[in-house]
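Residue-level listing of the chains:
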Amino acid sequence: VCQDVVPSNSPVGAQFPFSGIDDRENWPIVFYNRTCRCQGNFMGYNCGECRFGYTGPNCTDRRNMIRKEIFRMTTAEKDKLIAYLNLAKRTTSPDYVIATGTYEQMNNGSDPMFADINSYDLFVWLHYYASRDAFLEDGSVWADIDFAHEAPGFLPWHRFF
């Protein structure tokens, strides 16, 4: 079911004394304004993937995954982890690109500036985007905010990573 994205109208905390100057305040409206809500155990921008923890042709097979503490991994498990990280660094994401300019530089979205990205760097870019300083209207920078680490989403955000 596709629908309009409705950003939260909850006030930003006192730690961010500005309003309406940072595109993360109304995430993701600056980049897209419609999304799909998937049914059952499906997920993804087109509902074509299984939700985390499910697998199979109909996404009905439950798969329990336990994240092993890295210090308890065997040498073979560590080698496998490093191999997958290296594969992610060499694999272009089939679904995602990153912005290579600001919304303003893109002429308010009229002149798109995007580039392909590998799967690993997509996660790096997402983390940078969430935790970067806020750029203020007068050209100055507000460095006293970190939306990735000083917000309620810290635990699920980093668990995902």
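Residues numbered from 1 in each chain as written. Predicted model: local features only at pLDDT ≥ 70, side-chain atom pairs only at ≥ 80, totals over all residues. Heavy atoms only, no water.

Per an unreviewed UniProt entry, the chain goes by the name Tyrosinase and belongs to Rana temporaria.

Within the fold, Asp146 resides in the loop between strand E10 (141-142) and helix H3 (154-160). Take Asp146: its relative accessible area is 16%, and that puts it in the buried class. Setting aside its immediate chain neighbours within four residues, Asp146 contacts Ala130 and Ser131. (Helix = DSSP H or I, 4+ residues; strand = E, 2+ residues; numbered from the N terminus. Buried < 20%, exposed > 50% of the residue type's maximum accessible area, 1.4 Å probe, protein only. Contact = heavy atoms within 4.5 Å.)

This next bit is on the nonpolar core. Listed in full, the seven residues of the largest apolar core are Ile98, Ala99, Met106, Ile117, Leu122, Trp125 and Tyr129. Of all the elements in the fold, those that place two or more residues in this core are strand E7 (92-99) and helix H2 (119-131). It is H2 that provides the largest number of residues to this core, a total of three residues. Those residues in contact with Ile98 that lie beyond four places of it in its chain are Met113, Phe114, Ala115, Ile117, Leu122 and Trp125. Formed by five residues, the second largest nonpolar core is a distinct cluster that contains Ile21, Ala134, Leu136 and Ile145. (Core = buried A, V, L, I, M, F, W, Y, C linked by side-chain atoms within 4.5 Å.)

Inspection of the secondary structure assignment puts Met73 in the loop between strand E6 (61-62) and helix H1 (75-90). A relative accessible area of 18% places Met73 in the buried class. Placed 52 residues apart in sequence, Met73 and Trp125 show a C-alpha to C-alpha distance of 28 Å. Aside from chain neighbours lying at most four places away, what touches Met73 is Lys68, Lys78 and Leu81.

Moving on to H2. Spanning 13 residues, H2 covers 19 Å between terminal C-alpha atoms, matching the ideal 18 Å at 1.5 Å per step. Burial in H2 covers these residues: Leu122, Trp125, Tyr129, Ala130 and Ser131. The N-terminus of H2 is capped by Asn118, whose side-chain oxygen sits 3.1 Å from the backbone nitrogen of Tyr120. (Expected span 1.5 Å × (residues − 1). Polar contact = N/O pair within 3.5 Å; in protein donor to acceptor, adjacent residues only side chain to side chain.)

Next up on the list: a nonpolar patch on the surface. A cluster of nonpolar side chains, Ile70, Phe71, Leu81, Ile82, Leu85, Tyr120 and Val124, forms an exposed patch at the surface whose accessible area comes to about 630 Å². Counting residues per element, the nonpolar patch draws most heavily on H1, which supplies three residues. Following the sequence through the fold, Tyr120 ends up in helix H2. (Patch = residues over 30% accessible without salt bridge, like charges linked within 9 Å, V, L, I, M, F, W, Y side chains within 5 Å. Areas by Shrake-Rupley, 256 points an atom, 1.4 Å probe, with all protein chains shown as cover. Salt bridge = Lys/Arg side-chain N within 4 Å of Asp/Glu carboxyl O.)

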